[in-house]
Structure formats: structure tokens, C-alpha cells
Amino acid sequence: MSSFHKLSIKDINRETNKAISISFNVPENLKSTFKFTAGQYITFKTIIDGNEIRRDYSLCTSPKSGELKVAIKEVQDGTFSAYANNTLQAGDTLEVAPPKGRFTFTPNDSKTKNIALFAAGSGITPVLSIIKCALEEEVHSKVILVYGNKTTEDTMFLNELLELQHAYKERFVIQFVFSQTTEDNAIFGRIEKSTVNLIVKNKYKHVDIDDFYLCGPEAMINTVKDVLTDHGIDSERIHYELFKAAKSDEVTEVTTNTEVTKATIIVDDEETVIEMSPKQTILEAALDEDLDAPYSCQGGICSSCLARIKEGEAIMTQNNILTENEVAEGLILTCQAHPTTPTIVVDYDDV
């Protein structure tokens, strides 16, 4: 279920002073394994300084391109991002898990749609994949991008986006937002309430936007979501993906009346019964038993550790992904889920 495949690096390109893109060679026998939907991510696994590191990075190409490519921005104190930006070279090999993710766009060329996307910084990565897919595979649909950065020099894929805008000038428009420089036809500042209002209530007020896609820091996403909701946009039309976990003071406190939970964990059609403390997350308990449970960020912002509760109950300390309906159906992020009943059955296969 959490299988990894060794892939060699085809090419590395520097996108900005702090960001690179990496493309991979995918052998013929793994082409179907690494087939993806626009907006999905892949998980890397490697050893750095003796420690196993897993990280998720969004694909930035269109599914029709035949190219498996991600972008990695070096962040302060970032273990893998620093390693990727400063050490990796073409020809090196990484262990890579097949594409996953719920922040996706599935094209339907029988429909004509309008989509608006809000991205900040490296949040452009999955958004770029969605933009390319929409332009290539929905030949009558229109795309609006609002993209925030500090300066043009910090803007990932700037030239590629401008080329796309030129190639699809009747269907693709970009509103740049820069917080540290003034540029022609760009907004000075950050993506905030006034920016969203400018798009939906001013510049494109006559455009019936079908879906909104948001990716970037939590504050930006919450701002855009709140404004869209205030304008009566249905939550089902607002899709988002966080690149950072919620702050620690926003977590849910776990209370339970049981000191030990008997947990049945189902992974790859195998059942394992363990005893665990409710103070542990279900993922922690599974990994302590050397079960091959899937995981990556362990911060509640990816869906790698997704599972379904078949019996019993659990509470998540954080949930930035699942909807109320999905939670009601029993879906949990096991890296955030603590059992609250004496017994629980958790199925990683039924998701």
C-alpha cells in the first residue's frame, strides 16, 4: 500500500534562487503506476544523516505531458528541501511512492467551465498542474489565476506561466500580486479580502466561476475561503490544499475514559491486533508494531495516512483536509487520530 519505487532523476532545473524542479525517468513497466490526476503529489523517501525522511511534493506537469516532475522550494531549517536544492543531481536515485492526493481536477471536455485559482509562493505547484490540464483538455474552459509572491525573482514558473498566457490568451488570465515590489498590472501587497473582491466582484463579476482552487499558506487560504463563503459560494465549489500544518494552539484536546485500546489495524488485506494507549495516534501505534502503514507529513496536511474506522471511535487533534461528511463516514487521518473507545478497527485499504 505504501510501496516505493526507485526512480532516477532525469533533470534538475533551478526555478528561483531558492527553488528547483526535478523530473524523473519512469521505466515503461511503471508508467501505469505513476499515472496521475492534475493536482496530486508524490512522496519521497530517503535517508539523511542516518534518519529516514519522507516528504510530499506536488506534481507540476499535466497528466498528458508524460512527465513526472515536482518543484521543491528550500525552506528555513528544511531537511529534505535543503538536501534537494543543494545536493541532489541528475542521475541520482530516490525512492518514490505513486501519486496520491485529494486536491484534484478531473477534466471534462463535454462541459465549458470557468475556474479561478489562488496560489501563493510554492502553492503554485499543484495549481500549475491543474491550469495546464484545464487548458489542454477542456478546450473551451477559461482559467483565472491569482498568484502572490514577494518579487518577480521569487516567483516560481514565472516564464512558463507567461508563455501559457500567451499561448492561451483568449482563455487564461493572470493577476500577479507582489508584496515587496511594484510591477505594471500587478497588485501591491498580499492576497487578502480586497484581492478576492477585486476578482469576483469587479474584474470578473460577469464571469460565472464554477470552481475555486486555493493553495498556499493557511492564512491566505482561510482569507480567500471566508470571502468566497461570504459571497454565497458553496463550500463544495471551494477546493484547497495547505502547505503548512495548523498552529499548535488550534488542536483539539483529546479526552478518553479508557487507558488501553485494543486496535485492529488492516493494511494490505492483513489484520493485526495491538494494544495501544489512547495518548498515541493510531499511526504511531501502527508504526511501533512495524506495520507498513502509509504516511508522510505526520502533520495532518497530506492524506497519505488516510484510513476508515470500521468499529469504535477516534478523535483527530487536527483536520485540515476531510469534510464533515467524510468524517461522518468514518474517514480519519491516522497521524492525528486517537482512539476514544476500548476497541477500534481501522482499515487503511478501504479508502
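Residues numbered from 1 in each chain as written. Predicted model: local features only at pLDDT ≥ 70, side-chain atom pairs only at ≥ 80, totals over all residues. Heavy atoms only, no water.

Caption draft 1: How the structure looks around the overall build of the protein chain. A count of helices and strands for the protein chain gives seven helices and 19 strands. Taking 351 residues into account, the globule formula puts the C-alpha radius of gyration at 20 Å, and the protein chain, at 21 Å, falls close to it. Overall size of the protein chain, expressed as C-alpha extent along the three principal axes, is 60 × 50 × 40 Å. For the protein chain, contacts bridging at least 24 residues in sequence account for 69% of all contacts bridging at least 6. Side chains of the protein chain give 34 positive and 54 negative charges; the mean places of these two sets differ by 7 Å. (Helix = DSSP H or I, 4+ residues; strand = E, 2+ residues; numbered from the N terminus. Rg over C-alpha atoms; globule rule 2.2 N^0.38 Å. Contact = heavy atoms within 4.5 Å. Lys, Arg positive; Asp, Glu negative; His and termini not counted. Charge placed at Lys NZ, Arg CZ, Asp CG, Glu CD.)

Caption draft 2: Fine view of the layout of surface pockets. Volume-wise, the second largest pocket comes out at about 910 Å³. Around the second largest pocket, the lining comprises 28 residues; the ones closest to its centre are Ser235, Ile238, Tyr240, Ile321 and Thr323. Of all elements in the fold, only helix H5 (218-230), strand E12 (238-242) and helix H7 (324-328) reach the threshold of two or more residues within the lining of the second largest pocket. Ranked by residue count, the leading element in the lining of the second largest pocket is H5, at six residues. (1 Å grid on protein atoms, 1.4 Å probe; cavity = no way out; pocket = protein on both sides within 12 Å on 5 of 7 lines; lining within 4 Å. Points joined across faces, edges and corners; volume = space filled by probe spheres on them.)

Caption draft 3: Quick look at the packing of helix H4 (residues 193-203) against H5. Orientation of H4 relative to H5, taken along the N-to-C sense of each, is 45°, at an axis distance of 9 Å. One element, H4, and the other, H5, form an angle in the oblique class. Remark: the crossing between H4 and H5 carries right-handed chirality. Here H4 contributes Lys193, Val196, Asn197 and Val200 to the contact with H5, which in turn contributes Thr223, Val224, Val227 and Leu228. Grouping the constituent residues of the contact of H4 with H5 by class yields five nonpolar, two polar and one charged. (Axes fitted to C-alpha atoms, helices over the stretch in contact; angles between N-to-C directions. Parallel < 35°, antiparallel > 145°, perpendicular 65-115°, else oblique. Left-handed = near helix turned anticlockwise from the far one by under 90°. Nonpolar A, V, L, I, M, F, W, Y, C, P; charged D, E, K, R; others polar.)

Caption draft 4: Expanded view of the environment of Thr151. Looking at the element boundaries, Thr151 is found in the loop between strand E8 (142-149) and helix H3 (158-167). Taking the relative accessible area as the measure of exposure, Thr151 reaches 14% and is therefore buried. Note: C-alpha distance between Thr151 and Leu59 (92 residues apart in sequence) is 23 Å. Not counting residues within four places of it along the chain, the set of residues in contact with Thr151 comprises Phe178, Gln180 and Thr181. Engagement of the side chain of Thr151 in a polar contact is seen with the side chain of Glu153, the distance being 3.2 Å. (Buried < 20%, exposed > 50% of the residue type's maximum accessible area, 1.4 Å probe, protein only. Polar contact = N/O pair within 3.5 Å; in protein donor to acceptor, adjacent residues only side chain to side chain.)

Caption draft 5: Region of interest: the environment of Glu183. When you line up the elements, Glu183 lands in the loop between strand E9 (172-178) and strand E10 (187-188). You can call Glu183 partly exposed: its relative accessible area is 31%. As for Glu183 and Thr152, which are separated by 31 residues in sequence, their C-alpha atoms are 8.6 Å apart. The contacts of Glu183, once residues within four sequence positions are left out, are Thr152 and Phe178.

Caption draft 6: Molecular detail of the pairing of strand E6 (residues 93-100). Where strand E1 (residues 5-16) lies against E6, four bridges are found, and the strand directions are antiparallel. For Ser8, the partnering residue across the bridge sits in E6 and is Thr93. Across four bridges, the pairing between strand E3 (residues 41-48) and E6 is antiparallel. Paired with Phe44 across the two strands is Val96, which belongs to E6. (Pairing = 2+ DSSP bridges.)

Caption draft 7: Helix H1 (residues 79-86), seen in detail. Inspection of H1 places Phe80, Ser81, Ala84 and Asn85 among the buried residues, and these make up the whole buried set. Projected down its long axis, H1 shows its buried positions confined to an angular sector of 125°, all on one face. (Arc of directions from axis to C-beta.)

Caption draft 8: A look at the sheet that holds E1. A sheet is described by the order of its strands in space; here six strands give the open sequence E4-E3-E6-E1-E2-E5, paired in antiparallel fashion. Pairing within the sheet leaves two strands with one partner each, and these edge strands are strand E4 (51-58) and strand E5 (68-73). Averaged over all pairs of adjacent strands, the angle between their axes in this sheet comes to 40°, without regard to strand direction. Bridging between strand E2 (residues 19-25) and E5 involves six bridges; their strand directions are antiparallel. Within the sheet, the bridge partner assigned to Ser23 lies in E5 and is Lys69.

Caption draft 9: Fine view of the packing of helix H2 (residues 124-137) against H3. Their axes nearest at 12 Å, the elements H2 and H3 cross at an angle of 20°. One way to sum up the angle between H2 and H3 is to call them roughly parallel. For the pair H2 and H3, the crossing hand works out as left-handed. Judged by residue contacts, Ile124, Leu128, Lys132 and Leu135 of H2 engage Glu160, Leu161 and Leu164 from H3. The residue inventory of the contact of H2 with H3, partitioned by class, reads five nonpolar, no polar and two charged.

Caption draft 10: The arrangement of the packing of aromatic side chains in detail. In total, this model carries nine aromatic pairs according to the counting rule given. Judged by centre distance (6.4 Å) and plane angle (40°), the rings of Tyr147 and Phe176 are tilted. In this pair, Tyr147 sits in strand E8 while Phe176 sits in strand E9, placing the two residues 29 residues apart along the sequence. By relative accessible area, Tyr147 is classed as buried at 0%. We classify Phe176 as buried; its relative accessible area is 11%. Among the aromatic residues, ring-to-ring pairing joins Phe24, Phe44, Tyr57, Phe80 and Tyr83 into one connected group. If you follow Lys225 out to its NZ or CZ, it ends over the ring of Tyr240, 4.2 Å from the centre. (Phe/Tyr/Trp six-rings, centres within 6.5 Å; stacked < 30°, edge-to-face > 60°. Lys NZ or Arg CZ within 6 Å of the ring centre and 35° of its normal.)

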